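Chain by chain, the residues run as shown.
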Amino acid sequence: MVERRQERDQVGAGRRHAGIAAFVAGLLVTLAFFAFFPGLPHVIDWGAIIVALLMGALARWVCQTWMARGSKAKSR
């Protein structure tokens, strides 16, 4: 029972770390897009920051969903 709980804690920690990494990656990619894409003003304003935060949250949600789907397929 203790081993199973430790295994779940490790899986949960892995998902948490992957979610954080996905959020940061989505945030940085979006900010880089707004900073360096030709034709856009090269200014990071509040709109770009809000969009970057939303894209980071979307990336985290996609990562969490993908990992949950993978763990369900493994348990079958």
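Up top is the structure.
S.K.: Would you mind going over the overall build of the protein with me for this structure?
M.R.: Per the secondary structure count, the protein includes 2 helices and 0 strands. Taken over 76 residues, the protein has a buried fraction of 12%. Of the contacts formed within the protein by residues at least 6 apart in sequence, a portion of 63% connects residues at least 24 apart.

S.K.: Is there a simple way to think about the environment of Cys-63 in this case?
M.R.: Tracing the chain through its elements places Cys-63 in helix α2 (residues 46-75). Overall, Cys-63 belongs to the buried group, its relative accessible area being 15%. With 41 residues separating them in the primary sequence, Cys-63 and Ala-22 have C-alpha atoms 6.6 Å apart. Sequence-distant contacts of Cys-63, that is, excluding residues within four places in its chain, are made with Ala-18, Gly-19 and Ala-22.

S.K.: Teacher, can you tell me more about a nonpolar patch on the surface here?
M.R.: On the surface, a cluster of nonpolar side chains totalling about 460 Å² of accessible area is made up of Val-51, Met-55, Leu-58, Trp-61 and Val-62. Here Met-55 is to be found in helix α2.

S.K.: Whenever I open this one, the packing of aromatic side chains confuses me. Can you help?
M.R.: Aromatic ring pairs are described here by two measures, namely the spacing of the ring centres and the angle between the planes. One pass over the full model with this rule turns up 1 aromatic pair. Measuring from ring centre to ring centre gives 5.5 Å for Phe-33 and Phe-34, while their planes differ by 70°; the resulting arrangement is edge-to-face. Residue Phe-33 is classed as partly exposed on the basis of its relative accessible area of 39%. When its relative accessible area of 22% is taken as the criterion, Phe-34 is described as partly exposed.

S.K.: Just to check I follow, could you spell out the side chain of Thr-30 for this structure?
M.R.: Summarising the element assignment, Thr-30 is placed in helix α1 (residues 2-36). Setting aside residues up to four positions removed in sequence, Thr-30 forms contacts with Val-51, Ala-52 and Met-55.

S.K.: Sorry if this is basic, but what is going on with the environment of Gly-14 here?
M.R.: Looking at the element boundaries, Gly-14 is found in helix α1. Under the relative-accessibility criterion, Gly-14 is labelled partly exposed at 32%. When the C-alpha atoms of Gly-14 and Met-67 are compared, they prove to be 9.8 Å apart, with 53 residues separating the residues in sequence.

Scoring rules and cut-offs
- Residues numbered from 1 in each chain as written.
- Predicted model: local features only at pLDDT ≥ 70, side-chain atom pairs only at ≥ 80, totals over all residues.
- Heavy atoms only, no water.
- Helix = DSSP H or I, 4+ residues; strand = E, 2+ residues; numbered from the N terminus.
- Buried < 20%, exposed > 50% of the residue type's maximum accessible area, 1.4 Å probe, protein only.
- Contact = heavy atoms within 4.5 Å.
- Patch = residues over 30% accessible without salt bridge, like charges linked within 9 Å, V, L, I, M, F, W, Y side chains within 5 Å.
- Areas by Shrake-Rupley, 256 points an atom, 1.4 Å probe, with all protein chains shown as cover.
- Salt bridge = Lys/Arg side-chain N within 4 Å of Asp/Glu carboxyl O.
- Phe/Tyr/Trp six-rings, centres within 6.5 Å; stacked < 30°, edge-to-face > 60°.

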